[in-house]
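The primary structure of each chain is shown beneath.
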Amino acid sequence: MAQIDLSFVIPLAILAGLGFAGLLTRDVLRRDTGNDRMREITAAIQQGARAFLRRQYRSIAVIAIILAIVFAGAIFGSAVAAGKPNAVELGLKTAGAFALGATFSALSGFIGMQVAIRTNVRSAAGSLKSFNDALVIALRGGAVSGLSIVGLSLAGVSILYYGYGALTPAASQNDLVLSIVGFGFGASLVALFAQLGGGIYTKAADVGADLVGKVEAGIPEDDPRNPAVIADLVGDNVGDCAGRGADLFESTAAENIGAMILGVALFPVFGIEGIIFPLVARGFGVFASIVGVYVVRAREAETPMAALNRGYLVTTVLAAILFGVAAWAMLQPTGGAADPWTWARYWACGIAGMVTAFLYVWITQYYTEATYRPVKEIAKASETGPATNIIAGFSVGLEATWLPIIVVSGALLVSYWLGQTTGISGGGLYGTAIATMGMLSTAAYILAMDTFGPIVDNGAGIIEMSGMSQEARRNMDKLDAAGNTTKALTKGYAVGSAALAAFLLFNAYLEETGIAKFGVNIAHPETFIGGFIGAALVFLFTAYAIRAVGRAAWAIIKDVRDQFRENPGIMAGTAKPDYARSVDIVTRSALREMVVPGLLAVATPVAVGLFFRFVRVTPGLLAGEPLGGTLMVGTIAGVLMALVLNTGGGAWDNAKKFIEAGNLGGKGSPTHKAAVVGDTVGDPFKDTAGPSLHILVKLLSTITLVIAPLLIP
């Protein structure tokens, strides 16, 4: 059967994603915003979030512009040294792709946060009417972020592929696709700094608000007397919305590009269709996610996760069907003697990726929801104090690495084997790329659930601070607990997709450096050292990220204590605290602390690659092999560390919320105070270091591809 050109799906999906995001925005903004007190609190959150993001993006822009010039110049110089006639073109294309990736990544975070800080009060106002209203408003606000991010990612890669393609001969598909790798690098760089800065801010504010408010002063979490409470609510938006928006944008971009690079190797088999298949498959996923968002409704007695999981199931089934249509139309081999069932085998690879995503979501829910053993175990351990709570929580994080690694390993083996059964040379690697695309086909819906988390967290705070009814508080508290789970499962999903994507990007790196036929020999001392450095980078980066939260938290803790001491009327309820002062203090601390770990992540692979280009002791060592060791071991260590931090932190948080729901002594009890301490330890784990690590994993992959031309003498 002849192939069918489905490239028209790409612009339709971009328009559908961005168009429905606009419709959802209009729907959400037309909703009720509650009373004057609720609007006053929301205005303070909006003001703080916008101020932080403006200052953060200015800082990131300076760093990004400098790096774009440096890398474009280095690639230009390398091309001149190699005698390539298109040196200027290569440098300009790299800089252009980098700039577009960085811009779209920043825009993704900005859109997600702007809608979230308007949806929070509307979800809170919806809780005054019904549980379903609050849930639907929050999910639709989150879907604006999800659909915008996937739409912009698809648009960015498509613009570069077709735009640069107009200047590139059809036979030079490899050069064309590699010229857009800078897009993934730019997206990763902005995402790393956005997640680091936002994560440091949100957790410093959270730790300060909890320790001084709950533990020292004995007041509720979102008590308006706490000067850090607005900073905490701002942090949910700049960390969990803006930071995660940029994070997932770079995930979808990097994995699209990696799959397209492997599609180039099969150009003789599938032609252009094999290269653009990832874009079409991603486009079909947008349509499936739109349907999934619209079907979500909840009964008043139902748990939030039951309603959200129903939407996820609808999205997955639709995505699987549409993925099969794309495979049938586009992955028909052009050779007459080829297996006519090739498309079905690759469809099965995509299904393997979707099953992997489903299992990752389920495993994360098991380890972070209060209805299961791990969280209840941590809560029970809190009865004997903070120390046993921390021991139990950390052990849960360590335990939670095993099942996800088995699942992703199974997905890699199955998809590689299915790809090999096609009989196509390189078909196994392409099978793993298709599995990655399958896992990410539901990304827009998963992102909607992720942004749902900070929206309902803010909504619960607004309800408590404005003194609304107990019924509204119960509705928002239920959603808030579910939001913790959705944030945790999105992080698990992002780690799983990072692991699959890292494998295909690693192979793309081997192809680009010319060492694919020989592989990375870990017995070579340079390669072994490169691997050691990759693992050490993960630990050092994690240390800097966690320490940054501690230092920034100290600044906010000191400010809250000072305000309580300077103005006794705050605790008496006769005077308002200075919220803006706390917001400004934690903003300055977070932006200062994000620079060192961010630059460490960029500088390390560059230093390893360039050092071992000139310093070699092993005869026959291949160029780029030591950096391949850094990439391989750093990826493995980064995925494992991210799983420990994300899952352990999420479990600690929900153990605290389980106790706050009236179990094991409830709020204010010694058990609750122990759980608050454990949650405080988990805060920088799950919202700063953990999410930043899966960006680090993909940044390693994209930056090594960008600098690959510099490593070949």
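Presented here is an overview of the structure given in this document.

A look at the overall build of the protein chain
Point 1. A count of helices and strands for the protein chain gives 23 helices and zero strands.
Point 2. Relative to a compact globule of 713 residues, whose C-alpha radius of gyration would be 27 Å, the protein chain shows 25 Å and is just as compact.
Point 3. Dimensions along the principal axes, computed over C-alpha positions, put the protein chain at roughly 80 × 55 × 40 Å.
Point 4. Counting across all 713 residues of the protein chain, residues that qualify as buried make up 65%.
Point 5. Taking as baseline every contact in the protein chain between residues at least 6 positions apart, the subset at least 24 positions apart corresponds to 85%.

Quick notes on unusual backbone geometry
Point 1. Phi is positive for L664, which is not a glycine, with a value near 55°.
Point 2. With respect to the helices and strands, L664 occurs in the loop between helix 22 (625-660) and helix 23 (670-711).
Point 3. Exposure remark for L664: the relative accessible area of 29% places this residue in the partly exposed category.

Thoughts on helix 22
Point 1. When the terminal C-alpha atoms of helix 22 are compared, their 53 Å separation across 36 residues agrees well with the 52 Å that a helix rising 1.5 Å per residue should span.
Point 2. In the stretch just after helix 22, G662 is the one whose phi turns positive, near 110°.

Focus on the packing of helix 11 (residues 342-368) against helix 12 (residues 373-381)
The geometry of a pair of packed helices is captured by two quantities: the angle between their axes and the separation between those axes.
Point 1. As a packed pair, helix 11 and helix 12 sit with axes 5 Å apart at the nearest point and diverge in direction by 20°. On the basis of their axis angle, the class for helix 11 and helix 12 is roughly parallel. The residues of helix 12 that touch helix 11, namely those facing Y366, Y367 and T368, are R373, P374 and V375.
Point 2. The class makeup of the residues in the contact of helix 11 with helix 12 is four nonpolar, one polar and one charged.

So, the packing of aromatic side chains
What characterises a pair of aromatic rings is the spacing of the ring centres plus the angle enclosed by the ring planes.
Point 1. On inspection of all chains with the given rule, the structure shows 19 aromatic pairs.
Point 2. Judged by centre distance (6.0 Å) and plane angle (15°), the ring pair of W362 and Y366 falls under stacked. With W362 and Y366 both in helix 11, this residue pair falls four residues apart, about one helical turn.
Point 3. One aromatic cluster is present, formed by W362, Y366, Y367 and Y372 through successive ring pairs.
Point 4. Between the NZ or CZ atom of K93 and the centre of the ring of Y164, over which it lies, the distance is 5.3 Å.

Some details on the environment of I378
Point 1. For I378, the position within the fold is in helix 12.
Point 2. In this structure, the C-alpha to C-alpha distance between I378 and A655, residues 277 residues apart in sequence, is 6.1 Å.
Point 3. If we ignore the near neighbours within four places in the chain, the residues touching I378 are N389, A392, G393, V396, A651, W652 and A655.

A short note on the pattern of salt bridges
Once the charged atoms of two side chains with opposite charge are near each other, the side chains can pair.
Point 1. The tally for this structure, following the rule as stated, stands at 27 salt bridges.
Point 2. When the shortest N-O distance is used, the salt bridge between R31 and D27 registers 3.3 Å.
Point 3. A relative accessible area of 21% places D27 in the partly exposed class.
Point 4. The salt bridge involving E566 is made with R581; its shortest N-O contact spans 3.4 Å. Taken as a pair, E566 in helix 18 (residues 525-566) and R581 in helix 20 (residues 579-593) lie far apart in primary sequence, 15 residues in all.

Quick word on the side chain of T33
Point 1. Summarising the element assignment, T33 is placed in the loop between helix 1 (9-29) and helix 2 (36-81).
Point 2. Of the polar contacts made by the side chain of T33, one reaches the side chain of R39; its length is 3.1 Å.

Focus: the packing of helix 1 against helix 9 (residues 272-294)
Point 1. Interhelical geometry of helix 1 versus helix 9 gives an angle of 30° and a closest axis separation of 8 Å. The orientation of helix 1 with respect to helix 9, classified from their angle, is roughly parallel. Between helix 1 and helix 9 lies a crossing of left-handed hand. Across from V9, I10, L12, A13, A16, G17, F20 and L24 in helix 1, the residues of helix 9 making contact are L279, V280, G283, F284, V286, F287, I290 and Y294.
Point 2. When grouped by side-chain class, the residues that make up the contact of helix 1 with helix 9 number 14 nonpolar, two polar and no charged.

Structural notes on the environment of T303
Point 1. Within the fold, T303 resides in the loop between helix 9 and helix 10 (304-330).
Point 2. The exposure class of T303 is partly exposed, given its relative accessible area of 47%.
Point 3. In the structure, T303 is positioned 151 residues away from P454 in sequence and 18 Å away in space, judged by C-alpha atoms.

A word on the environment of F52
Point 1. Mapped onto the secondary structure, F52 falls in helix 2.
Point 2. Distance in space between the C-alpha atoms of F52 and F131 is 32 Å, their sequence separation being 79 residues.
Point 3. Those residues within four positions of F52 in sequence are excluded, and the remaining contacts are G197, G198, Y201, V238, T587, A590 and L591.

Definitions and limits used
- Residues numbered from 1 in each chain as written.
- Predicted model: local features only at pLDDT ≥ 70, side-chain atom pairs only at ≥ 80, totals over all residues.
- Heavy atoms only, no water.
- Helix = DSSP H or I, 4+ residues; strand = E, 2+ residues; numbered from the N terminus.
- Rg over C-alpha atoms; globule rule 2.2 N^0.38 Å.
- Buried < 20%, exposed > 50% of the residue type's maximum accessible area, 1.4 Å probe, protein only.
- Contact = heavy atoms within 4.5 Å.
- Expected span 1.5 Å × (residues − 1).
- Axes fitted to C-alpha atoms, helices over the stretch in contact; angles between N-to-C directions.
- Parallel < 35°, antiparallel > 145°, perpendicular 65-115°, else oblique.
- Nonpolar A, V, L, I, M, F, W, Y, C, P; charged D, E, K, R; others polar.
- Phe/Tyr/Trp six-rings, centres within 6.5 Å; stacked < 30°, edge-to-face > 60°.
- Lys NZ or Arg CZ within 6 Å of the ring centre and 35° of its normal.
- Salt bridge = Lys/Arg side-chain N within 4 Å of Asp/Glu carboxyl O.
- Polar contact = N/O pair within 3.5 Å; in protein donor to acceptor, adjacent residues only side chain to side chain.
- Left-handed = near helix turned anticlockwise from the far one by under 90°.

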